[in-house]
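Survey of secondary and tertiary structure
Chain residues, written in single-letter form:
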Amino acid sequence: GKIEFNQVSFSYNIEYPVLHSVSFTVPSSKTLAIVGETGSGKSTIVQLINRVYTHQSGTLLIDDIPVENYSLESLRKHIALVPQDVFLFSGSVLENIRLFNDSISEERVKEAATKTGADVFISKLPDGYKQQVFERGLSLSTGQRQLIAFTRAWLYNPEVLILDEATANIDYESEQLIQKATRELMKNRTCIIIAHRLSTVVNADTIVVLKAGRIIEQGSHQELISKAGTYKDLFEKQFASAQRPTEIITE
């Protein structure tokens, strides 16, 4: 579960670099949060870890082994990604959670859904776990689709968990359930959280602030607040009217 970026650079187009000599380390079972404005390179980091793209320079290591030395199958079966836009297939809720893998019992699915809190809404559906959903899950709310994605991740028990804007654009009630799901999923796993909502990253072990593909700040929440830099400015702007942010507890 250890992830290390060492002077990693990447560009989709050689004339427009996306990442510039990015370096950070996420020790096994620790949490790294990545924040920054849209287009700063946050999601590109995730795509490099999953080998959707290959970095052009520097080294990207997982457990001290270059990421390119892993087969895609062996790499991705140990990594779970919960994205902002969850894709669901035509089929039942049960089939969508276990991804049509019939070797996974309904009991295991229900256990996972109970852990993440998804069982709260699934049990209220007219047909429960057998409820049919349309392609892309249009019959479910955004928060419900996210909870299904969290349950998928729990079921497959990954060593590395990546949350890519997983709490964006959801209602308050769903966010409370997803906060619970997040706490459960993050236990004893290496986690990378990409978020605009800083309330979801304040308890991360390390926070990286990206700007135009470069790391401009790095440290814990308290360290970055005390530096009075970009992170503090973002934090104060988001919570100017709030007494205290909702926190994700990672321990």
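See above for the structure.
Residues numbered from 1 in each chain as written. Predicted model: local features only at pLDDT ≥ 70, side-chain atom pairs only at ≥ 80, totals over all residues. Heavy atoms only, no water.

1. Notes on the overall build of the protein
Counted only if it meets this: We count a stretch as a helix when DSSP gives it H or I for four or more residues in a row; a strand needs E for two or more, and each element gets its number in order from the N terminus. Buried, partly exposed and exposed residues are distinguished by accessible area as a fraction of the type maximum, computed with a 1.4 Å probe on protein chains only: under 20%, between the cut-offs, and over 50%, respectively. Contact criterion: two residues are considered in contact whenever any of their non-hydrogen atoms come within 4.5 Å of each other. With residues, only the protein chains shown are counted as cover, and all accessible areas are computed by Shrake-Rupley using a 1.4 Å probe.
Assigned secondary structure in the protein consists of nine helices and 12 strands. Looking at the 251 residues of the protein, the share that counts as buried comes to 49%. Considering only residue pairs separated by 6 or more positions, the protein has 70% of its internal contacts joining residues 24 or more positions apart. Only carbon and sulfur atoms are counted for the fraction: they give 48% of the accessible area of the protein, which is about 12300 Å².

2. Some details on the sheet that holds strand S5 (residues 65-66)
Strands in a sheet are paired, the pairing made by backbone hydrogen bonds, and the direction either parallel or antiparallel. Inclusion rule: Any two strands between which DSSP finds at least two bridges are classified as paired. Geometry is summarised by axes, namely lines fitted to C-alpha atoms with helices restricted to the contacting stretch, and by angles between N-to-C directions that run from 0 to 180 degrees.
As summarised here, the arrangement of the four strands in space is S2-S1-S4-S5, forming an open sheet in which the pairing is antiparallel. Two strands bound the open sheet, and with one partner strand each, they are strand S2 (16-26) and S5. By the bridge criterion, five bridges tie strand S1 (residues 3-13) to strand S4 (residues 57-62) in an arrangement that is antiparallel. Paired with Phe5 across the bridge in S4 is Leu60. Of the strands in this sheet, S1, S2 and S4 touch helix H1 (residues 42-49), which is tilted by about 110° from S1.

3. Quick word on the packing of aromatic side chains
Keep this limit in mind: Centre distance within 6.5 Å is the pairing criterion for rings of Phe, Tyr and Trp, where only the six-membered ring of Trp is used; planes under 30 degrees apart are then read as stacked, over 60 as edge-to-face, and the remainder as tilted.
Counting across every chain of the model gives seven aromatic pairs. When the centroid spacing of 4.6 Å and the interplanar angle of 20° are considered together, the rings of Phe5 and Phe24 count as stacked. Taken together, the residues Phe5 in strand S1 and Phe24 in strand S2 connect sequence positions 19 residues apart. When the ring of Phe87 is compared with that of Phe89, the centres are 5.0 Å apart and the planes differ by 75°; the resulting orientation is edge-to-face. Here Phe87 falls in the partly exposed class, since its relative accessible area comes to 29%. Among the aromatic residues, ring-to-ring pairing joins Phe10, Tyr12 and Tyr53 into one connected group.

4. Quick look at the side chain of Gln146
Basically, it comes down to this: In protein, a polar contact means a hydrogen-donor-capable atom and an acceptor-capable atom, both N or O and within 3.5 Å, with residues adjacent in sequence counting only if both atoms are side-chain atoms; elsewhere, any N or O pair within 3.5 Å suffices.
By secondary structure assignment, the location of Gln146 is in helix H6 (residues 142-156). Its relative accessible area of 1% is what places Gln146 among the buried residues. A distance of 3.3 Å separates a polar atom in the side chain of Gln146 from the backbone oxygen of Pro83.

5. A closer look at the pattern of salt bridges
If the charged atoms of two oppositely charged side chains come close together, the side chains can form a pair. Inclusion rule: For this analysis, a salt bridge means a side-chain nitrogen from Lys or Arg found within 4 Å of a carboxyl oxygen belonging to Asp or Glu.
Within the structure shown, the criterion is met by four salt bridges. In this structure, Asp64 engages Lys2 in a salt bridge whose closest nitrogen and oxygen atoms are separated by 3.0 Å. With Asp64 in the loop between S4 and S5 and Lys2 in the segment before S1, this residue pair connects regions lying 62 residues apart in the sequence. A relative accessible area of 27% places Lys2 in the partly exposed class. When the shortest N-O distance is used, the salt bridge between Glu106 and Lys110 registers 3.4 Å. Here the residue Glu106 and the residue Lys110 both occupy positions in helix H4 (residues 106-116), the gap between them amounting to four residues, near one helical turn. Owing to a relative accessible area of 24%, Glu106 belongs among the partly exposed residues under this scheme.

By themselves these figures say nothing about function.
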